[in-house]
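Below, each chain spelled out in residue letters.
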Amino acid sequence: QVQLVESGGGLVQAGGSLRLSCAASGRTFSTPRMGWFRQAPGKEREFVAAITWSGDTTYYADSVKGRFAISGDNAKTTGNLQMNSLKPEDTAVYYCAVRLSPGLPRDPRGYDYWGQGTQVTVSS
């Protein structure tokens, strides 16, 4: 089992920044991959970014590329999502998730454990 807890969400003005963190506990040695997703009201959960814990591979959604940066520590205990130049359309609940098998899918069904989510609200 892996437990994930997100933090760092909040209210920010457009153009501002937030840093989300995801604390992992439990069988973190078997969690080689982490992803961030978001879900806005009335919309499906969508891929934001993903990383291998070794940090050698990262993927981003086109909508956040160049503005967001995903990172993870070598101890496989904390993942982060640095969000810059935030836009109102970035408003959503953000979730971190881990995957136990190879690959970095963009489909949320490809991830095995999920956090409870943290709200990010960007005002115009």
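Criteria and cut-off values
Residues numbered from 1 in each chain as written. Predicted model: local features only at pLDDT ≥ 70, side-chain atom pairs only at ≥ 80, totals over all residues. Heavy atoms only, no water. Helix = DSSP H or I, 4+ residues; strand = E, 2+ residues; numbered from the N terminus. Buried < 20%, exposed > 50% of the residue type's maximum accessible area, 1.4 Å probe, protein only. Polar contact = N/O pair within 3.5 Å; in protein donor to acceptor, adjacent residues only side chain to side chain. Contact = heavy atoms within 4.5 Å. Pairing = 2+ DSSP bridges. Axes fitted to C-alpha atoms, helices over the stretch in contact; angles between N-to-C directions. Disulfide = S-S within 2.5 Å.

**Regarding the side chain of Thr-118**
Structurally, Thr-118 is set in strand 11 (residues 118-123). Judged by relative accessible area, which is 11%, Thr-118 ranks as buried. Only 3.2 Å separates the side chain of Thr-118 from the backbone nitrogen of Gly-9, close enough to count as a polar contact. Not counting residues up to four positions away in its chain, the partners in contact with Thr-118 are Glu-6, Ser-7, Gly-8, Gly-9, Leu-20, Ala-92, Val-93 and Tyr-94.

**Quick notes on the sheet that holds strand 8 (residues 78-83)**
Read across the sheet, 4 strands follow the order 1-3-8-7 without closing on themselves; strand pairing throughout is antiparallel. Strands with a single pairing partner mark the edges of an open sheet, and in this sheet they are strand 1 (2-7) and strand 7 (68-72). Between one strand and the next, the sheet's axes are offset by a mean angle of 15 degrees, whatever the strand orientation. Here 6 bridges tie strand 1 to strand 3 (residues 18-26), and the two strands are oriented antiparallel to one another. Counterpart to Gln-3 in the pairing with strand 3 is Ser-25.

**Digging into the state of the cysteines**
Joining two cysteines, a disulfide is a covalent bond between their sulfur atoms. A full pass over the atoms with the stated rule returns 1 disulfide. The side chain of Cys-22 participates in a disulfide bridge whose partner is Cys-96; the two sulfur atoms lie 2.0 Å from each other. Its torsion about the S-S bond being 55 degrees, the disulfide of Cys-22 and Cys-96 is classed as right-handed. Residue Cys-22 is found in strand 3, and its partner Cys-96 is found in strand 9 (residues 92-99); the two are separated by 74 residues along the sequence. When sorted by exposure, Cys-22 lands in the same class as Cys-96, which is buried.

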